[in-house]
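Fold and contact review
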Amino acid sequence: MDIKDFNWDEIKEELHKAVKLEKFKDDLSVKITILAENIEENQMVGDVLKDKEDMKRSFGQFLGRDTPLDCDIEMNQDEKYIIMKMKSKKDYKKVYKLLNDMFFGDFFKKMIDAMMGAFKNLGDAFEGMADSFGPEP
């Protein structure tokens, strides 16, 4: 599949329908409310919001860390929300910015573009290596 095959406007519109994002500066928390009936239908959202420990690891990685994000996470399946409470104002700001870009910005487009670029570079490297072996016998 070519990157041009993705309809990013449609994907962003679906994410707008699937998620509500709120921030609470007083206790450094961010609330993610799932608006979609069945979150599994939106795989991008569902994959990110599965498990507390996975979320901590993923957000740590997204923020460029080797360790999980130090935060408290409350998940309420019945009310369909997740609250992430950060330990520092710096993490609070970074996590909110990341979530906002993830759900309402171009995060997934940038991620797919980067992956496609990496695969192309890898393919070019292998092609160059194959050429250096000389003609086929």
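In this report, the structure presented in the accompanying data block is examined.

A look at the packing of aromatic side chains
- Taken as a whole, this structure holds 2 aromatic pairs when the rule is applied.
- Pairing F59 with F62 gives two aromatic rings, centres 5.9 Å apart and planes at 90°, and the pair type is edge-to-face. Taken together, the residues span about one helical turn, with F59 and F62 both in helix α3 (residues 52-62) at a distance of 3 residues.
- By relative accessible area, which is 0% here, F59 ends up buried.
- Judged by relative accessible area, which is 34%, F62 ranks as partly exposed.
- Ring centres 6.4 Å apart and planes at 65° place the aromatic pair F103 and F104 in the edge-to-face group.
- Judged by relative accessible area, which is 22%, F104 ranks as partly exposed.

A look at the sheet that holds strand β2 (residues 29-34)
- The strand order β1-β2-β4-β3 describes an open sheet built from 4 strands, whose pairing is antiparallel. The sheet is open, and its two edges are formed by β1 (19-24) and β3 (71-76), each paired on a single side. Strand-to-strand twist across the sheet, computed as the mean angle between neighbouring axes with direction ignored, equals 15°.
- Across 6 bridges, the pairing between β3 and strand β4 (residues 81-86) is antiparallel. Among the inter-strand pairings, C71 is bridged to a residue of β4, identified as M86.

Here we look at helix α1 (residues 8-18)
- Buried residues of α1: W8, I11, L15 and A18, and no others. Buried residues along α1 cover an arc of 85° about the axis, so they all sit on one side.

Concerning the packing of α1 against helix α4 (residues 89-104)
- Here α1 crosses α4 at 120°, and the two axes come no closer than 8 Å. Between α1 and α4, the crossing angle belongs to the class labelled oblique. Across from K12, L15 and H16 in α1, the residues of α4 making contact are M102, F103 and F104.
- Its residues assigned to classes, the contact of α1 with α4 shows 4 nonpolar, 1 polar and 1 charged.

Calculation rules
- Residues numbered from 1 in each chain as written.
- Predicted model: local features only at pLDDT ≥ 70, side-chain atom pairs only at ≥ 80, totals over all residues.
- Heavy atoms only, no water.
- Phe/Tyr/Trp six-rings, centres within 6.5 Å; stacked < 30°, edge-to-face > 60°.
- Helix = DSSP H or I, 4+ residues; strand = E, 2+ residues; numbered from the N terminus.
- Buried < 20%, exposed > 50% of the residue type's maximum accessible area, 1.4 Å probe, protein only.
- Pairing = 2+ DSSP bridges.
- Axes fitted to C-alpha atoms, helices over the stretch in contact; angles between N-to-C directions.
- Arc of directions from axis to C-beta.
- Parallel < 35°, antiparallel > 145°, perpendicular 65-115°, else oblique.
- Contact = heavy atoms within 4.5 Å.
- Nonpolar A, V, L, I, M, F, W, Y, C, P; charged D, E, K, R; others polar.

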